[in-house]
Amino acid sequence: MFKKIISKFKQEENNKPKENVEKDESELTEIESEEIKLENKDEETVEEINETLSEEEITIDENNEEKKGFFSKLKQGLSKTKQGIADKVDDVLKSYKKVDEDLFEEIEEILITSDVGVNTSLEIIDRLRKGALERKITESEDLKGLLKEIMIEILDKGEDHKLNIATSPTIILVVGVNGVGKTTSIGKIAHNLKQQGKKVLLAAGDTFRAAAIDQLEIWSERVGVDVIKHKEGSDPAAVIFDAIQAAKARKTDVLICDTAGRLHNKKNLMNELGKVVKVADREFPEATREIILVLDATTGQNALQQAKIFKDVTDINGIVLTKLDGTAKGGVVMAISNELNIPVKLVGVGEGINDLQSFNAIDFVNALFGDDK
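Residues numbered from 1 in each chain as written. Predicted model: local features only at pLDDT ≥ 70, side-chain atom pairs only at ≥ 80, totals over all residues. Heavy atoms only, no water.

Draft legend 1. Geometry of the side chain of Thr 322. Structurally, the position occupied by Thr 322 is in strand S6 (residues 318–322). Here Thr 322 is in contact with Val 180, Gly 181, Ser 185, Val 294, Leu 295, Asp 296, Ala 297 and Gly 348, once residues within four sequence places are set aside. (Helix = DSSP H or I, 4+ residues; strand = E, 2+ residues; numbered from the N terminus. Contact = heavy atoms within 4.5 Å.)

In C-alpha cells, the structure reads:
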C-alpha cells in the first residue's frame, strides 16, 4: 500500500510545472502563498522589533555558568524533529526482530512524512538496504548505526560548511524571502564574527520592506558594528556600492549585505538581485564572495523549492536554516543537502544571539538521535 503512496508522491513531483520567473505576478503558487504569509508576518514596526530583540536575547551572555554548550542547545533545538524521525525510527526498529522489506518500507514512510523528501528518502532506503546486505545485518536494531552513517554522508560537505571568511576582505550577500529570519541571522552572524575579532560592517540593502532598515540598524547598535544605509525605497545596488567603498576605506574584514526579501517569481526583484551581485563583482573583485540563502525550516518542502529557485538565479554558496527549534520538519536539511548539493553552513536552534550555530553533520545526526557527541 505504501508503495502506491510513494508512487503518487513521485508522480506529483514529476507533474509539477517548472517555476517560471517571468510568469504573471498575479498567478500565485502554493510556494508564493507561503512566502506572502511570511512576508506579512515580517512587517514589523520599530516598536515591535524592539520587543522582539529583547535585552535578554541580544545582550552578550555574561554568566558563562548559565550558557549551555552548543551541542546541548542543538539537541534541545532538534527535539521536535527528533520526535518526528529518530523516535519513530526507534519504535519501528523495536517492533521488528528481523530485517525485512516491511521494515524498510516503514522507515521510508517515516522519512517521507518528516520532510526528508521523496527522492532523498528513496535514496537513503536504497543505501540502507544495500548496506545491510553487504554487512550481513539481520537484527533490526543494528540498522540504526548504518542509518546514521548514511545520513552523515548525505549531509557532510567537508570544509564547505564553514563560512569562507579566512581571508580579508570578504563580502557576504544574504538572500531570501521576507519572514525567514534573514535580518536577524545577519545580526547574529555579525555578533559571531565580531567575537572572533573580525571588523564587520553591515549594508542595509533591503530598501523595499517596511522597517527593514530600522531592524538592521537596531541589530547593528546592539551588536556594536556600523551599518551603511540609504532611505527607504532607494536603489539597493547603490546602497551596496556605498557600503563597498566604506568597507575599503575602513579596511573592513567582512561586509555583510542584506538584500530585499523577494517572491522568487517576480522578475523585477530577481533582476534587482542580479544588479547587486554585479556591483559586488565590479567594485569588490579582490574580496572573497559568499552568497548565503536563509530558509525557514518550519516551511518544510517549501524551503526546498525556494532553494531550487534561488539556485537557478544566483550562485548560492551555502544555506542558513532558521527556526529548527520550532518545527518537526528539520528533515528538510537532508533534502536540501542531497538534491541541491548546497552545504548548510548555519542552523538556528533558539532565539538567543548565540543560538545560530555552525553546522556539523556528525553533531547534527547525533543530536537528532539523542546520542552523545
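Draft legend 2. Region of interest: the nonpolar core. Within the largest apolar cluster, 107 residues are counted, with the highest numbers of intra-cluster contacts made by Leu 128, Leu 143, Met 151, Ile 171, Leu 202, Leu 255 and Ile 256. With eight residues, the top contributor of residues to this core is helix H10 (residues 143–155). Residues contacting Leu 202, with those up to four places away along its chain left out, are Ile 186, Ala 190, Leu 216, Ser 220, Val 225, Asp 226, Val 227, Ile 228, Leu 255 and Ile 256. (Core = buried A, V, L, I, M, F, W, Y, C linked by side-chain atoms within 4.5 Å. Buried < 20%, exposed > 50% of the residue type's maximum accessible area, 1.4 Å probe, protein only.)

Draft legend 3. Fine view of a negative patch on the surface. Negative charge collects at one region of the surface, where Asp 100, Asp 102, Glu 106 and Glu 109 lie side by side. Looking at the element boundaries, Glu 106 is found in helix H8 (residues 101–113). (Patch = residues over 30% accessible without salt bridge, like charges linked within 9 Å, V, L, I, M, F, W, Y side chains within 5 Å. Areas by Shrake-Rupley, 256 points an atom, 1.4 Å probe, with all protein chains shown as cover. Salt bridge = Lys/Arg side-chain N within 4 Å of Asp/Glu carboxyl O. Lys, Arg positive; Asp, Glu negative; His and termini not counted. Charge placed at Lys NZ, Arg CZ, Asp CG, Glu CD.)

Draft legend 4. Structural view of the confidence of the model for the protein chain. Averaged over the protein chain, the pLDDT score is 83; the fraction of residues at 70 or greater is 79%. A low-confidence stretch, residues 16–28 stays under pLDDT 50, and its non-local contacts, those more than four residues away or across chains, total 20 contacts. Here residues 54–67 scores under 50 on pLDDT; set against residues more than four positions off or in separate chains, the count is 19 contacts. (pLDDT = per-residue confidence, 0-100.)

Draft legend 5. The arrangement of the packing of H8 against helix H9 (residues 118–134) in detail. Put simply, H8 and H9 touch, their axes get as near as 9 Å, and they point 150 degrees apart. Taken together, H8 and H9 sit at an angle that is classed as roughly antiparallel. Taken as a pair, H8 and H9 cross one another with a handedness that is right-handed. Together, Glu 101, Phe 104, Ile 107, Glu 108, Leu 111 and Ile 112 of H8 and Val 118, Ser 121, Leu 122, Ile 124, Ile 125, Leu 128, Arg 129 and Ala 132 of H9 make up the contact between the two elements. Grouping the constituent residues of the contact of H8 with H9 by class yields 10 nonpolar, one polar and three charged. (Axes fitted to C-alpha atoms, helices over the stretch in contact; angles between N-to-C directions. Parallel < 35°, antiparallel > 145°, perpendicular 65-115°, else oblique. Left-handed = near helix turned anticlockwise from the far one by under 90°. Nonpolar A, V, L, I, M, F, W, Y, C, P; charged D, E, K, R; others polar.)

Draft legend 6. The arrangement of the environment of Phe 71 in detail. As for its placement among the helices and strands, Phe 71 is situated in helix H5 (residues 70–77). Relative accessible area serves as the criterion here: at 14%, Phe 71 is assigned to the buried category. Residues Phe 71 and Asp 372 lie 301 residues apart in sequence; the distance between their C-alpha atoms is 8.7 Å.

Draft legend 7. Broad picture of helix H17 (residues 361–368). Of all eight residues making up H17, seven are buried, and the element is well covered by its neighbours. Residues Ala 361, Asp 363, Phe 364, Val 365, Asn 366, Ala 367 and Leu 368 constitute the buried set of H17. Tucked into the core, H17 has its buried residues touching H5, helix H6 (79–84), helix H7 (86–95), H10 and helix H16 (332–340). Two or three places before Ile 362, at the start of H17, stands the capping residue Asn 360, its side-chain oxygen 3.1 Å from that residue's backbone nitrogen. Count one or two residues on from H17 and you reach Gly 370, which has phi positive near 75 degrees. (Polar contact = N/O pair within 3.5 Å; in protein donor to acceptor, adjacent residues only side chain to side chain.)

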